[in-house]
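# Observations on chain architecture
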Amino acid sequence: MFLRSNLTLLKNKKIKNVIILIVGVSFILLFILISDSSCGIRHITIVNDLKSYETSLDPEFCEELVQKIDSFNMQCTPEVEILDCG
């Protein structure tokens, strides 16, 4: 009888651990999805890309950055000045 109750407790602990793991992974994925579309994070990314462009002056990177800035300015409130790649 005692052995049977121990096995039941082990099964319950395993199930509980699996549920906690699934919920934890779900929260992490949800956070990543929400933060990826956040204007604040996009703004920080653009500012970092601007700093990278200032050191490289790569024209292809500039064109990509202008597209990012244009998209950001259409969707978010703090407007970023568009670069002149010419």
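Residues numbered from 1 in each chain as written. Predicted model: local features only at pLDDT ≥ 70, side-chain atom pairs only at ≥ 80, totals over all residues. Heavy atoms only, no water.

### Focus: the nonpolar core
To keep things clear, this is the line we draw: The nonpolar core is taken to be a set of buried Ala, Val, Leu, Ile, Met, Phe, Trp, Tyr and Cys residues, with the residues joined through side-chain atoms within 4.5 Å. Remark: exposure states derive from per-residue accessible area (1.4 Å probe, protein chains only) relative to the maximum for the residue type, with buried under 20%, exposed over 50%, and partly exposed in between. We count a stretch as a helix when DSSP gives it H or I for four or more residues in a row; a strand needs E for two or more, and each element gets its number in order from the N terminus. Any two residues whose heavy atoms approach within 4.5 Å are treated as being in contact.
By size, the foremost hydrophobic cluster in this structure holds 10 residues: Ile 46, Leu 50, Tyr 53, Cys 62, Leu 65, Val 66, Ile 69, Phe 72, Cys 76 and Val 80. Residue contributions to this core peak at five residues, all from helix H3 (residues 59–75). If sequence neighbours within four positions are ignored, Tyr 53 has contacts with Asp 58, Phe 61, Cys 62, Leu 65 and Leu 83.

### Examining the state of the cysteines
The cut-off we apply is this: Throughout, disulfides are identified as pairs of cysteine sulfur atoms within 2.5 Å of each other.
Scanning the entire structure with this criterion turns up two disulfides. Across a sulfur-sulfur distance of 2.0 Å, Cys 39 and Cys 76 are joined as a disulfide pair. Residues Cys 39 and Cys 76 share a disulfide whose torsion about the S-S bond is about -80°; that sign makes it left-handed. Of this pair, Cys 39 sits in helix H2 (residues 39–56) while Cys 76 sits in the segment after H3, placing them 37 residues apart in sequence. Residue Cys 76 is classed as buried on the basis of its relative accessible area of 7%. Across a sulfur-sulfur distance of 1.8 Å, Cys 62 and Cys 85 are joined as a disulfide pair. What sets the handedness of the Cys 62 and Cys 85 disulfide is the S-S torsion sign, and at about -85° it is left-handed. Highlighted residues: Cys 62 in helix H3 and Cys 85 in the segment after H3, separated in sequence by 23 residues. A residue is classified by how much of its surface remains accessible, and Cys 62, at 0% relative accessible area, is buried. Within the protein, bonded cysteines paired by disulfides and numbered along the sequence follow the pattern 1-3, 2-4.

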